[in-house]
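# Architecture and fold: a report
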Amino acid sequence: MPWVEVFGMGILDNIISQNGYQVVLRNLGYFLGGAGYTIFITALSLAIGMVLGLFAGLGKLSANKIIYMLSTAYIDFFRGTPLFVQIFLLYFGILPVLYDNDPVSSAIIVLGLNSGAYIGEIVRAGIQAVDNGQMEAARSLGMNQRQAMTYVILPQAFKIVIPPMINEFIALLKDSSLVSAITVPELMHRGDLVFANTYEATWVFGAIAVIYFVITKTISVIGDNVERRLATD
Amino acid sequence: MIQVVDVYKSFGQLQVLKGVNFQVAPREVVCVIGPSGSGKSTLLRCINQLEKTNSGQVYIDGEELTHPKTDINKIRQQVGMVFQLFNLFPHKTVLENITMAPIKIKGIAKTDADKIAMELLKKVGLTDKAHVFPGKLSGGQKQRVAIARALAMQPKVMLFDEPTSALDPEMVGEVLAVMKNLALEGMTMVVVTHEMGFAREVGDRVVFMDEGIIVEEGSPQDIFDNPQNPRTQAFLSKVL
């Protein structure tokens, strides 16, 4: 598995210890390597999710019935069934038919598909929140539908969707812990392994929670900054 | 220049235009007046097909906009429109609002577009606001920028949809002054307005609409001083 080379730093220290904090300290490198996986998987799924979400969101606003129905079906399925079920369905069921799938790439695909559905709804709401007069003004200048979307509507929708998008980033990062169930060596999975060897539940999962929190807090601070920088009035 | 032939328009059950015939000659300034709900804004919006007509034809410079094969975007580039609520692009500076369409649609170089935009800003008296975002402008300033933005495409016709109706009273004058200058330069204009003073002073022709039809039209003197139709008389007695 090539992924291990990238975030393989730290090895599981499986000595049963009397002191929980020592377990955490000894395995800190191992955990941080897992956090690396978590961030890596989340970032790639997010990239996939944003592309899918943009198309799904535009599709839900499309006058073309087929495009509308495809987008709606996609969003309904991935938003209406549990992510945990989707992970198992795709990892064990669908993806092995398509290619020789490994846990990490499967995780990225499932999380990407799942977040795409939520981002699709965010995109749709964002576009609809832009005043209709903006489209009219753009069209009255002679822009076609696509130009008006690209230069006038989407940049404004982008600003509107930042807060819900940050929400989605954070939710996705936390939800990525579910792929521990298919042995992706990410943060939660490594916490699970260390716990199984040491039984230091409070210390181990406390440390895992703190690491998740530091990452999500960083994302929300970055989001606040972007929001402030884009404010024009 | 503009020809509207037997245009009908409904919104669901509500019939807004009931067979409107209307012409505008080059360099003419036509003011459309009438009570709210009379269909005057809808007529204006049908001229550049922001509202699709149910039947009838609209021609600009001999080209039929209502024909399904017409490239509507191409024609709209020659028809400037100014909206009641300005509809400036809030994410762009004043200068960028004006240069966006020339750059993106006509492919004009940014430096050239900037130069044209600065000249237009001079014309509407707002050169000092070039790099400000619309949110920082007063209503009157916004509307003057909106006029400059429409002019940047060098339109043959300008349509004004109640351009001063959303303004505080003290800002109406500055916008009307810009429009008056434009009329003096020979711009062909259709102005839907409640400013009877402007219609009388600047308009070459006044059109009175009520309940989806043109009830009466003529020179400002005819319409304001000697209206023939009782509906025109009733309307004018209320607003003058």
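Being a predicted model, the structure only gives us computed values, none of them experimental.

## Comments concerning the pairing of strand 4 (residues 55-60) of chain B
All names here are of chain B. Two strands pair when backbone bridges link them, and strand 1 (residues 2-11) and strand 4 are joined in this way by 5 bridges, in the antiparallel orientation. Each bridged residue has a counterpart across the sheet, and for Ile2 the counterpart in strand 4 is Ile60. Bridge analysis of strand 4 against strand 5 (residues 63-64) gives 2 bridges, and the strand direction is antiparallel. Across the sheet, the residue bridging to Tyr59 is Glu64, located in strand 5. From the end of strand 4 to the start of strand 5, which pair antiparallel, there are 2 residues, and Asp61 there has a positive phi angle of about 55°.

## Side note on empty space enclosed by the protein
Residues and elements named next belong to chain B. Going through the model one piece at a time under the given rule, you end up with 1 cavity of 30 Å³ or more. Of the volumes computed, that of the largest cavity is approximately 30 Å³. As for the largest cavity, its lining consists of Ile98, Thr99, Pro102, Ile108, Ala113, Ile116, Ala117 and Ala152. For the lining of the largest cavity, the secondary structure elements donating two or more residues are helix 3 (94-106) and helix 4 (110-123).

## Examining helix 9 (residues 187-198) of chain A
Given 3.6 residues per helical turn, the α-helix brings residues three or four places apart onto the same face. All names here are of chain A. Compared with the 16 Å implied by 1.5 Å per residue over 12 residues, the 16 Å span of helix 9 between its first and last C-alpha is a close match. Residues of helix 9 that are buried: Leu187, His189, Arg190, Gly191, Val194 and Thr198. Backbone nitrogen of Met188 and a side-chain oxygen of the N-cap are separated by 3.2 Å at the start of helix 9; the cap is Glu186. Once helix 9 finishes, Tyr199 follows within two positions and takes phi at roughly 60°, a positive value.

## Let's talk about the nonpolar core
Counting 87 residues, the largest nonpolar core has Phe31 of chain A together with Ile2, Val4, Phe22, Leu159, Val190 and Met209 of chain B as its most contacted members. The dominant element in this core, judged by the number of residues it contributes, is helix 8 (residues 145-175) of chain A, at 13 residues. The residues contacting Met209 of chain B, other than those within four sequence positions of it, are Leu17, Val20, Val32, Ile33, Gly34, Pro35, Ser38, Gly39, Lys40, Leu43, Ile214 and Val215 of chain B.

## As for the sheet that holds strand 7 (residues 157-161) of chain B
Residues and elements named next belong to chain B. With mixed pairing, the 6 strands of this open sheet are ordered in space as 6-7-8-3-9-10. Two strands in the sheet have a free side with no partner beyond their single neighbour: strand 6 (79-82) and strand 10 (213-218). Looking at each pair of strands side by side, their axes are set apart by 20° on average, direction ignored.

Cut-off values and rules
- Residues numbered from 1 in each chain as written.
- Chains lettered and ligands numbered in written order.
- Predicted model: local features only at pLDDT ≥ 70, side-chain atom pairs only at ≥ 80, totals over all residues.
- Heavy atoms only, no water.
- Pairing = 2+ DSSP bridges.
- Helix = DSSP H or I, 4+ residues; strand = E, 2+ residues; numbered from the N terminus.
- 1 Å grid on protein atoms, 1.4 Å probe; cavity = no way out; pocket = protein on both sides within 12 Å on 5 of 7 lines; lining within 4 Å.
- Points joined across faces, edges and corners; volume = space filled by probe spheres on them.
- Expected span 1.5 Å × (residues − 1).
- Buried < 20%, exposed > 50% of the residue type's maximum accessible area, 1.4 Å probe, protein only.
- Polar contact = N/O pair within 3.5 Å; in protein donor to acceptor, adjacent residues only side chain to side chain.
- Core = buried A, V, L, I, M, F, W, Y, C linked by side-chain atoms within 4.5 Å.
- Contact = heavy atoms within 4.5 Å.
- Axes fitted to C-alpha atoms, helices over the stretch in contact; angles between N-to-C directions.

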